[in-house]
Amino acid sequence: MGKHYLNTLFAPTSVAVFGASDRPDAVGQIVFQNMLESGYKGALYPINAKNAEVQGKRAYASIADIGSPVELVVIATPPQTVPGIIETCGLHGVKAAVIITAGFGEAGPAGAALERQLLEAAHRYNIRLIGPNCLGIMRPSIGLNATFNKGGANVGNIAFISQSGALCTAILDWAQRNDVGFSSVVSMGSSTDVDFGEILDYLVSDPNTQSILMYIEGIRNARSFMSALRAAARIKPVILVKVGRHPAGSKAAMSHTASLVGADDVFDAAVSRVGAVRVQTITQLFTAAKALSCGFRPVGNRLAIVTNGGGPGVMATDRASDLGLTMATLSDGTIEYLNQHLPPNWPHGNPVDIIGDAQADRYHHAVKACLEDENVDGVLAILTPQAMTKPLESAQALIDLANTHSKPLLTCWMGETQVASSREAFSKAHRPHFRTPEPAVEVFSHLSAYYRNQKLLMQMPGPFSHHVEPDVESARLIIEGAMQERRKVLTEMESKALLSAFHIPVAKTLVAHSPTEALLIGQQLGYPVAMKINSHDISHKSDAGGVMLNLRNAHEVRAAYQQILDNVQRNRPEAKLDGISIEPMIVKPNGRELMIGVTTDPVFGPVITFGAGGTTVEIMGDRAVALPPLNQFLVKELILDTRIAKMLGKFRNMAPANMVALEDVLLRVSEMVCELPLLTEMDINPLILDENGALAADARVVVEYRQPSTDRYAHMAIHPYPTHLVSEWQLADGTDISIRPVRPEDANLVQRFVHDMSDESKYFRFMNSVHELTEAMLAKLTQIDYSREMALIAVMTEHDQEIQLGVARYAINPDGDSCEFALAIADSMQGKGLGQKLMLSLMEAARLKGLRSIEGEVLSNNHNMLKLMSRIGFIAKVSPDEPSITKVRKTL
């Protein structure tokens, strides 16, 4: 593997600073001074047309005068000069630039025009840009401090990416005092070119970075952001603070759902789904990072608290309840153990109050017992300095325990003078410690969120969740019919037909155009019935007086028909009416009224919501949010996130609701979102659920035209598992083989496949001696993001066990038009045509993705591979720099 394409930005061997000067407090003066003082290890050139020398170093009038290659330029000159500077840098072969200057897109039409010129020049010469209007970039390990921050940063293993330069300076100042070091600090500014996704991509492969912290104000490209965040979070902890929100569209929300979902809910759901953790404050950002860097293996949210004072224990318990954590129930064995080691008057429960005279041995026994209890996922130990307390000895006892247990152990030594030496001991041992209980509990909640979100990250649902496939074609025809009539809102009849096409049970509905017709329909359906106005123009029928329920006979139906028309004429005189829909009243004594919705977030696209239903839905405000596609695991999580979930089990005299039916409807709604890109809003309200099943009593759907795309799931932030690429094939000897995209749960399969390869095959595939795949490598190979890469594996089944026979994969290059491939075939399968079949399948997948070419590197002595490449039309060319490697390429 060659160097990452952003290497010149993060690890340049030479840097030129435009605007470097001796003028005190000028941005260029501070940047150049920072580069000198941070001990940058590469070549450093000040560029200043007026002075022969800057800060004791020879200055150059232009980059052309330098006479040596420059990898990175830092620009701190007036905005009108920047496009010209980028042009001269392009001619000099520069590949990366940090533009600190402001006055571009954020400064009105003239600035936006300058920004366009700047980007055109950068694209012409393939120069990657950070900024404009940013603080700059730091890599403390190589002495790179290309910022105008007053001062540098300590070397460490945390990468920090921020959209706010001002916040960056405050954090760098805070970090110096708090002994926090960085592998990288990137201030993105306007991020007109290099975005979050690409920086995350670099940091994942950076060995100096162990965790990634982010400060986010807004997101431009949800798919790229989600894709990169997921790729990063599967290998390194990613923790972020998000403020503000992408402004929602100004048009009034057309359904209950759209007005309910605060966009911040959606951001939370998105971040959780890709395995990252969101915190609320900057302090939490760093304390969570420190806790995760301690090697803890968080596994849940059940907290035990050990304290020598009742008050602090109650404070911690209150905060745990606020955050939705579970106070662990100690096992009988733990209670028995504690009875032997604690005074008789301990409260025999959690919090474990070990009484005010507790010393180190009591802390040791109590914390050890909790850490070893299977019902406990983490422990918070609190100490308040009392007359007989020995804070340092107790601290040392817990440090020793933390070194031998993997569960999170957090400490809170309260006070100041008497506990100062204990805090030093915790810091020296790199153990997280706090001054008050609440922040400690918050960090535990972030650790348990990390564990939960990592489980969400592993979910890779396909677009279809059932063996009985929906009638997608009929559903699309219903939507096209509305579009041809220039309507966005489907009628209730059309909405229910759409649900039926996806096998969601709906209440039978017929439309009457006269009182007599209404009578006949009432008799046919059987009383009691419900009647609702049928109009394209009326979204909320109740508000217009267009709904009458529980009509018990022909007389009431006739009267209701006229009453509804009169109400609507009075409340909505402009509405065009198309009769009145009639349906049987759904009498379910054990029925719970629920709501399932779809709304479209301006950043993350379609979102599925679930919660309590009925007419009071806005007042109740009970809903949870998830990004599609969903599978059973994700659906269960979505249901559990609501208050109504507690009413779905046995409740008072009601039998438990049919959860399988509810999960089924949510999975079907996920299918609708995947397969109907024009569906922008939907309410199923109420969905009535009882012990026998679910029924959609009312539904409304909003659709909107969308430009067709080669990517069938372009409307979604998360790419579903690509079931359309699954195929069956047969070897000449009759062996049945499945070719399918790899899944996260294939880790053991892939590990065995690589383990069984011969040394030569491993060398040809990895171009170095790989014996076993590390956990990080396995994650990278199996937890792939289908919007950026593809891996097709060939498997056969033997004794109900899958065996991997080969794999072909591609990764899309930064240009978005081409991809790089790799191929590996089991030694026993070589020469049987499997390699060719996998390559042809991979090339077809790349074509479907809209890619234009595929390329790769093959060792020049891998003759069989080179023959295969020639056979399927690749052009081969020996690399001039490295004769042992042959580059192969084919236009798709």
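The paragraphs below set out a description of the structure included in this document. Remember, it's a predicted structure, so these values are computed and weren't measured experimentally.

About the criteria used
- Residues numbered from 1 in each chain as written.
- Predicted model: local features only at pLDDT ≥ 70, side-chain atom pairs only at ≥ 80, totals over all residues.
- Heavy atoms only, no water.
- Helix = DSSP H or I, 4+ residues; strand = E, 2+ residues; numbered from the N terminus.
- Rg over C-alpha atoms; globule rule 2.2 N^0.38 Å.
- Buried < 20%, exposed > 50% of the residue type's maximum accessible area, 1.4 Å probe, protein only.
- Contact = heavy atoms within 4.5 Å.
- Areas by Shrake-Rupley, 256 points an atom, 1.4 Å probe, with all protein chains shown as cover.
- 1 Å grid on protein atoms, 1.4 Å probe; cavity = no way out; pocket = protein on both sides within 12 Å on 5 of 7 lines; lining within 4 Å.
- Points joined across faces, edges and corners; volume = space filled by probe spheres on them.
- Nonpolar A, V, L, I, M, F, W, Y, C, P; charged D, E, K, R; others polar.
- Salt bridge = Lys/Arg side-chain N within 4 Å of Asp/Glu carboxyl O.
- Core = buried A, V, L, I, M, F, W, Y, C linked by side-chain atoms within 4.5 Å.
- Pairing = 2+ DSSP bridges.
- Axes fitted to C-alpha atoms, helices over the stretch in contact; angles between N-to-C directions.
- Parallel < 35°, antiparallel > 145°, perpendicular 65-115°, else oblique.
- Left-handed = near helix turned anticlockwise from the far one by under 90°.
- Phe/Tyr/Trp six-rings, centres within 6.5 Å; stacked < 30°, edge-to-face > 60°.
- Lys NZ or Arg CZ within 6 Å of the ring centre and 35° of its normal.

**Here's the deal with the overall build of the protein**
Moving on, step 1. Helix and strand content of the protein: 28 helices and 38 strands.
Moving on, step 2. The globule rule puts the C-alpha radius of gyration for 892 residues at 29 Å, and the 32 Å found for the protein is close to it.
Moving on, step 3. Considering the protein as a whole, with its 892 residues, one finds that 55% of them fall into the buried category.
Moving on, step 4. Of the contacts formed within the protein by residues at least 6 apart in sequence, a portion of 71% connects residues at least 24 apart.
Moving on, step 5. Counting every atom, the protein has about 37800 Å² of accessible surface; 52% of that belongs to carbon and sulfur.

**Quick word on the layout of surface pockets**
Moving on, step 1. Counted as a void, the second largest pocket has a volume near 1400 Å³.
Moving on, step 2. Secondary structure elements with two or more residues in the lining of the second largest pocket: helix H9 (263–273), strand S14 (277–279), helix H11 (310–322), helix H16 (437–457), strand S27 (623–626) and helix H22 (632–640).
Moving on, step 3. At 10 residues, the largest contribution of residues to the lining of the second largest pocket is made by H16.
Moving on, step 4. Looking at the lining of the second largest pocket residue by residue, the class counts come to 18 nonpolar, 10 polar and 13 charged.

**Topic: the pattern of salt bridges**
Moving on, step 1. Scanning the entire structure with this criterion turns up 39 salt bridges.
Moving on, step 2. Between Arg712 and Glu675 there is a salt bridge; the shortest N-O distance is 3.4 Å. Of this pair, Arg712 sits in the loop between strand S30 (699–703) and strand S31 (727–730) while Glu675 is found in helix H23 (residues 659–675), placing the two residues 37 residues apart along the sequence.

**Topic: helix H2 (residues 27–37)**
Moving on, step 1. Listed in full, the buried residues belonging to H2 are Gly28, Gln29, Ile30, Val31, Phe32, Asn34 and Met35.
Moving on, step 2. Buried positions along H2 lie against strand S1 (14–18), strand S2 (43–47), strand S3 (53–54), strand S4 (57–58), strand S5 (72–75) and strand S9 (144–147).
Moving on, step 3. Positioned one or two residues after H2, Gly39 has a phi angle of 75°, which is positive.

**Description of the nonpolar core**
As a rule of thumb, soluble globular proteins bury nonpolar side chains together.
Moving on, step 1. With 62 residues, the main nonpolar core has Ile161, Met214 and Phe604 as its most contacted residues.
Moving on, step 2. Top element by residues in this core is helix H7 (residues 222–233). It accounts for 7 residues.
Moving on, step 3. Formed by 52 residues, the second largest nonpolar core is a distinct cluster that contains Ile737, Val742, Ala846 and Leu868.

**Details of empty space enclosed by the protein**
Moving on, step 1. Evaluated as defined, the whole model comprises 5 cavities of 30 Å³ or more.
Moving on, step 2. Along the wall of the largest cavity there are 15 residues; nearest its centre are Arg230, Met460, Ile718, His719 and Asp785.
Moving on, step 3. Residue contributions to the lining of the largest cavity peak at 4 residues, all from H7.
Moving on, step 4. For the lining of the largest cavity, the residue count by class is 7 nonpolar, 4 polar and 4 charged.
Moving on, step 5. As a volume, the second largest cavity reaches approximately 90 Å³.
Moving on, step 6. Lining the second largest cavity, in full, are Val750, Phe753, Val754, Met757, Arg765, Phe766, Leu781, Gln804, Val807, Arg809 and Ala824.
Moving on, step 7. Those elements giving two or more residues to the lining of the second largest cavity turn out to be helix H24 (747–756), helix H25 (759–766) and strand S34 (801–812).

**Side note on the sheet that holds strand S22 (residues 529–533)**
Moving on, step 1. Spatial ordering of the open sheet is given by S21-S24-S22-S23, a layout of 4 strands whose pairing is antiparallel. Bordering the open sheet on either side are strand S21 (510–512) and strand S23 (547–551), each of which pairs with just one other strand. Across this sheet, the average inter-strand angle for adjacent strands is 25°, counted without regard to direction.
Moving on, step 2. In the packing of helix H18 (residues 492–501) onto the sheet, the strands contacted are S21, S22 and strand S24 (580–584), and the crossing angle to S24 comes to about 45°.
Moving on, step 3. Sheet strands in contact with helix H19 (residues 515–525) are S21, S22 and S24, and its direction is about 155° off that of S21.

**Considering the sheet that holds strand S7 (residues 128–130)**
Moving on, step 1. Pairing is parallel in the open sheet, where 5 strands are placed in the order S2-S1-S5-S6-S7. Looking at strand neighbours, the two that pair on one side only are S2 and S7, the edges of this open sheet. Looking at each pair of strands side by side, their axes are set apart by 20° on average, direction ignored.
Moving on, step 2. Both strand S6 (residues 96–99) and S7 contribute to a ladder of 3 bridges, which runs parallel.

**Digging into the packing of H19 against helix H20 (residues 554–571)**
Helix packing geometry: the angle between the two helix axes and the distance between the axes.
Moving on, step 1. The contact between H19 and H20 brings their axes to 9 Å, and the two run at 140°. Between H19 and H20, the crossing angle belongs to the class labelled oblique. Along this stretch, H19 crosses H20, giving a crossing that reads as right-handed. Facing H19, whose interface residues are Pro515, Ala518 and Leu519, H20 presents Ala554, Val557, Arg558 and Tyr561.

**Here's the deal with the packing of aromatic side chains**
Moving on, step 1. Tallied over the full model, the rule gives 13 aromatic pairs.
Moving on, step 2. Judged by centre distance (5.7 Å) and plane angle (45°), the rings of Tyr363 and Trp413 are tilted. Placement of Tyr363 in helix H13 (residues 360–371) and of Trp413 in strand S19 (residues 409–413) is noted, with a sequence separation of 50 residues between them. This pair shows no difference in class: Tyr363 is buried, exactly as Trp413 is.
Moving on, step 3. Among the aromatic residues, ring-to-ring pairing joins Phe160, Trp174, Phe182 and Phe286 into one connected group.
Moving on, step 4. The residue whose ring lies beneath Lys242 is Phe267, and the NZ or CZ to ring-centre distance is 5.3 Å.

**Some remarks on unusual backbone geometry**
Moving on, step 1. A cis amide bond links Asn350 to the next residue, Pro351, at an omega of 10°.
Moving on, step 2. Here Pro351 shows up in the loop between helix H12 (332–341) and strand S17 (352–353).
Moving on, step 3. In the segment running from Tyr527 into Pro528, the intervening peptide bond is cis, with an omega of -5°.
Moving on, step 4. One can find Pro528 in the loop between H19 and S22.
Moving on, step 5. Despite not being glycine, Gln55 shows a phi value in the positive range, around 50°.
Moving on, step 6. Tracing the backbone shows Gln55 in the loop between S3 and S4.
Moving on, step 7. On the basis of relative accessible area, Gln55 is assigned to the partly exposed category, the value being 24%.
Moving on, step 8. The phi torsion at Asn550 lies on the positive side, around 60°, for a residue other than glycine.

Honestly, it's all geometry; don't read function into it.
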